[in-house]
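Chains, contacts and geometry: an overview
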Amino acid sequence: MHFVIRSGRLRRRPPYGGRRETVLLSPLILTVLITGLAFATPREIAFSRLLPAAPALAAAMWSVIPTILLGTFCLLVMIGLSFVYSDLGTPYTAAAIVAVTLAAAYASHLRLQREEMLFQVRLVADTAQKVLLRPLPRRIQDVEVESLYLAAQEQARIGGDFYEAADTPYGVRLLIGDVRGKGLPAVGAASAVINCFRENAYDQPDLRGIIHRLETSIARYSVAFPTPDQSEHFATALIAEIPYGGGQVRILNCGHPPPLLVQRGEVRVLESTMPSPPLNLATLLGDHYIVDTVPFDAGDQILLYTDGVTETRDRDGTFFPLPDWMRQLGPAPPRELLDRLHRDLLHYSGGRLEDDIAALAVRCRKSPGQERSV
């Protein structure tokens, strides 16, 4: 499985080759430019007073020692200019160069410390992400599974959207959901739900039994880690079960966006026959869970997704038309489907997403026995 975790902000390609070198050399280029103008223009213009800008710029991209060396070079340039123009106010400009260079060196030191700290935080976040949303097998028995996760914030690594797939004695079982809320409480609740699913997907013979266990798990987490927005601390979730060789898929949807089924070129929205309550709201809405069964044969495909997909807006505030988009896309393998969805969502939103996005594309394949019989 190609595990895709990307920022929801549209990024330009990083500068390579000459463009990147030009950016890194810009403080030196600025120094040479100011020096040339200072020697080539009349004394009254006094371009030499701009020399302190070079080490100040270097602090944003260079380390401490190169920044100090550039400031020293600027100081030597100023001293050389004083032999050509005796009334440039050299002592004042030289003092400014020294002061700015020292400040720039300290700023460069702080910047490097922050970058190192950010790097370590990202390593921890990436590790937590891999534990929370671990890479899924690309194929489970006769079922292809591909995943996509997009973080709304550029530096984000983890959030409240989650998914999982399990190869169980009852078939391939899939989970996708979205914890309401943000920050660490949402991540913690998502972790509790995923870990509970990983344990019970193998033991519970019925999907309702799994949901009851997930309900208990998130309720216990909410009690153990209360938050000010306790009333909004719940999760939508959807569990799908594809029996081995069964030709069908069972779906239990707890307040989650309905999946899309691509079957013989037609796209269907799989609405629940009767709504089931989101997780942690059973005490308010009742614990009546409905399992829907839908035909699912070789070549059929299901797209499971969180509401960040359908709630993506364009500049006019119009929601992303996912069913129509699927119909226009036509037949596509799961990986290609998610890659196109990723690209088109960013394009539709103008390069910035407002909510995290998780999606699973699942396709039923023929078993080796079926292929030989054909």
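Presented here is an overview of the structure given in this document. Quick caveat, the model's predicted, so the values are computed rather than measured. Per chain, residues are indexed from 1 in the order of the written sequence. For this predicted model, a pLDDT threshold of at least 70 governs which residues receive local features, and a threshold of 80 or more governs which side-chain atom pairs are given and counted, while totals over whole chains, interfaces and linings are taken from all residues. Excluded from the side-chain calculation are hydrogens and water; included are all heavy atoms of the structure.

Only centres within 6.5 Å qualify two rings of Phe, Tyr or Trp (six-membered ring in Trp) as a pair; their planes then separate them into stacked at under 30 degrees, edge-to-face at over 60, and tilted for everything else. For the coordinates displayed, the defined rule picks out 2 aromatic pairs. Centroid distance phenylalanine 320 to tryptophan 325: 6.1 Å. Interplanar angle 50°. Geometry classified as tilted. Assessed through its relative accessible area of 6%, phenylalanine 320 is described here as buried. Summary of the burial criterion: residues with accessible area below 20% of their type's maximum are buried, those above 50% are exposed, and those between are partly exposed, where the area comes from a 1.4 Å probe applied to protein chains only. Overall, the relative accessible area of 9% leaves tryptophan 325 in the buried class. With a centroid separation of 5.2 Å and 80° between ring planes, the pair formed by phenylalanine 320 and tyrosine 348 is classed as edge-to-face. Within this pair, whereas phenylalanine 320 is found in the loop between α9 (307–310) and α10 (322–329), its partner tyrosine 348 is found in helix α11 (residues 334–348), the two being separated by 28 residues in sequence. Ring pairs connect the aromatic residues Phe320, Trp325 and Tyr348, which therefore count as one cluster. Strands are runs of DSSP state E lasting at least two residues, helices are runs of H or I lasting at least four, and both sets are numbered from the N terminus onward.

One can find arginine 49 in the loop between α2 (26–40) and α3 (53–58). When the C-alpha positions of arginine 49 and threonine 93 are compared, they lie 6.0 Å apart, and in sequence the two are 44 residues distant.

Moving on, we get to the environment of glycine 36. Structurally, the position occupied by glycine 36 is in helix α2. Linking glycine 36 and phenylalanine 47, residues 11 residues apart in sequence, is a C-alpha distance of 9.1 Å.

Bringing the pattern of salt bridges into the picture now. Whenever a carboxyl oxygen of Asp or Glu lies within 4 Å of a side-chain nitrogen of Lys or Arg, that contact is scored as a salt bridge. Tallying each qualifying case throughout the model produces 14 salt bridges. Glutamate 144 is the salt-bridge partner of arginine 363, the closest N and O atoms lying 2.8 Å from each other. Placement of arginine 363 in strand β12 (residues 357–364) and of glutamate 144 in strand β3 (residues 143–151) is noted, with a sequence separation of 219 residues between them. We note a salt bridge from aspartate 206 to arginine 208, for which the minimum N-O separation is 3.5 Å. Judged by relative accessible area, aspartate 206 falls into the partly exposed class, the value being 33%. Since its relative accessible area comes to 33%, arginine 208 is described here as partly exposed. Here the salt bridges do not stand alone but share partners, grouping Arg138, Glu146, Arg335 and Asp339 into one network.

Two residues of an α-helix separated by three or four positions point the same way, owing to the 3.6 residues in each turn. Taking 1.5 Å per residue, 21 residues should reach 30 Å; helix α4 (residues 64–84) reaches 31 Å between its end C-alpha atoms and fits that length. Those residues of α4 not exposed but buried are Thr67, Leu70, Gly71, Cys74, Val77, Met78 and Leu81. Along the axis of α4, the buried positions cluster into a sector of 115°, meaning they face one direction only. Along α4, the residues that are exposed and aim more than 90 degrees away from the buried face are Ile65, Leu69, Leu76 and Phe83. By this rule the span expected of a helix is its residue count minus one, scaled by 1.5 Å. Note that the arc is defined by the directions from the helix axis to the C-beta atoms.

Two strands are counted as paired when DSSP detects at least two bridges linking them. Taken together, 5 strands build an open sheet; the order of strands is β4-β5-β6-β7-β10 and the sheet is antiparallel. Bordering the open sheet on either side are β4 (161–168) and β10 (291–295), each of which pairs with just one other strand. Taken pair by pair, the neighbouring strands of this sheet meet at an average axis angle of 15°, ignoring direction. Here 5 bridges tie strand β6 (residues 235–242) to strand β7 (residues 248–254), and the two strands are oriented antiparallel to one another. Counted as the bridge partner of alanine 237 is cysteine 254 from β7. For helices, the axis comes from a line fit to the C-alpha atoms of the stretch in contact; other axes are also lines fit to C-alpha atoms, and the angle between any two N-to-C directions lies between 0 and 180 degrees.

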